[in-house]
Amino acid sequence: MDEHMKFGEIWDKFELYIMSLWFLFFLIIVITVDIPMCFGDNCQFIGVWDVIKKNIVPAISLLLVLFGVIFYYRFDYRVSGSKKLPVEITDIEDLNYEHLTFLTTYIIPLICFNLTSTRYLIALAFLLIVIGIIYVKTDKFYANPTLAVLGFRLYKVTVKTRTGIKENIVVITKDRLSELDQLKTLDLDNKVYFARKVE
């Protein structure tokens, strides 16, 4: 059972990683898509197979974007409710800059690769795998620029439970939080939670 839970947690982080790369995949599509265009009387369609062969990289990127959409709806469904008792915020720090850090540190440099060279594409794929492993194995998986665009916020908070225990956690939420707010949380990791403010 523990192994199943561990695999489930790793898979959830992997889904968030794919979502975090949406911008990269969109940029790859824009840069590499090659749709032959011809205007004149002698123009003819080169064929579906030839168009696909010219657009393998953007097609893979589009597929990963679609997976990202599915993963977002799975994430949204998973965090739609919590059965835990509310906790109270006693201290709060805004971490929204983490989204920008991830974007500028990982995504923007990767788009500078020569995406028409097979060697560079292999290097890019290798780097994405390595970054993905680091992303999943560390507790920084919450730094997700896609979630920021979709209206999610990041906070590091100290919460007090009903039993008086204080705990430092990172929360992902769509609400603006402040001290003394009551939260309902759902575990995403040992120290990372999705949270909704109790009105």
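A. Representation of the pairing of strand E2 (residues 153–160) within the structure. As paired elements, strand E1 (residues 87–94) and E2 share six bridges and run antiparallel to each other. Residue glutamate 93 lies in a different strand from E2, and its bridge partner there is lysine 156. Sheet topology places E2 next to strand E3 (residues 166–173); eight bridges connect them, and they run antiparallel. When the bridges of E3 are listed, valine 159 appears paired with glutamate 167.

B. Quick peek at the pattern of salt bridges. Under the definition given, this model contains two salt bridges. A salt bridge links glutamate 15 to arginine 74; the nearest nitrogen and oxygen atoms lie 2.9 Å apart. Here arginine 74 lies in helix H4 (residues 56–78) and glutamate 15 lies in helix H1 (residues 2–20), a separation of 59 residues in the sequence. Since its relative accessible area comes to 2%, glutamate 15 is described here as buried. The class for arginine 74 is partly exposed, based on a relative accessible area of 38%.

C. Structural context of the environment of glycine 151. As for its position among the elements, glycine 151 is in the loop between helix H7 (145–149) and E2. With 23 residues separating them along the chain, glycine 151 and lysine 174 place their C-alpha atoms 5.9 Å apart. Glycine 151 has contacts with Thr173 and Lys174, leaving out every residue within four places of it along the chain.

D. Region of the structure containing the sheet that holds E1. Spatial strand order, E1-E2-E3-E5-E4: five strands in a closed barrel with mixed pairing. The mean inter-strand angle of the sheet, taken between neighbouring strand axes irrespective of direction, is 50°.

E. View of the packing of aromatic side chains. A full pass over the atoms with the stated rule returns eight aromatic pairs. Between phenylalanine 152 and phenylalanine 194, the aromatic rings sit 6.1 Å apart at their centres with planes inclined by 65°, giving edge-to-face as the arrangement. Note that phenylalanine 152 is positioned in the loop between H7 and E2 and phenylalanine 194 in strand E5 (residues 192–197), a separation of 42 residues in sequence. With respect to burial, phenylalanine 152 and phenylalanine 194 carry one shared label: buried. Members of the aromatic cluster, each reached through a chain of ring pairs, are Trp11, Phe14, Phe67 and Phe71.

F. Layout of the packing of helix H5 (residues 97–110) against helix H6 (residues 118–137). Two elements in contact, H5 and H6, have axes whose closest approach is 11 Å; the angle formed by their N-to-C orientations is 160°. Judged on the interaxial angle alone, H6 and H5 are roughly antiparallel. Crossing angle aside, the handedness with which H5 passes H6 is left-handed. Across the interface between the two elements, Phe102, Tyr106 and Leu110 of H5 pack against Leu124, Leu127, Leu128, Ile131 and Tyr135 of H6. A class-by-class count of the residues in the contact of H5 with H6 yields eight nonpolar, no polar and no charged.

G. Representation of the environment of leucine 64 within the structure. The residue leucine 64 is located in helix H4 in this model. Dropping the residues within four chain positions of it, leucine 64 is found in contact with Ile18 and Phe25.

Conventions and cut-offs
Residues numbered from 1 in each chain as written. Predicted model: local features only at pLDDT ≥ 70, side-chain atom pairs only at ≥ 80, totals over all residues. Heavy atoms only, no water. Pairing = 2+ DSSP bridges. Helix = DSSP H or I, 4+ residues; strand = E, 2+ residues; numbered from the N terminus. Salt bridge = Lys/Arg side-chain N within 4 Å of Asp/Glu carboxyl O. Buried < 20%, exposed > 50% of the residue type's maximum accessible area, 1.4 Å probe, protein only. Contact = heavy atoms within 4.5 Å. Axes fitted to C-alpha atoms, helices over the stretch in contact; angles between N-to-C directions. Phe/Tyr/Trp six-rings, centres within 6.5 Å; stacked < 30°, edge-to-face > 60°. Parallel < 35°, antiparallel > 145°, perpendicular 65-115°, else oblique. Left-handed = near helix turned anticlockwise from the far one by under 90°. Nonpolar A, V, L, I, M, F, W, Y, C, P; charged D, E, K, R; others polar.

None of this, on its own, says anything about what the molecule does.
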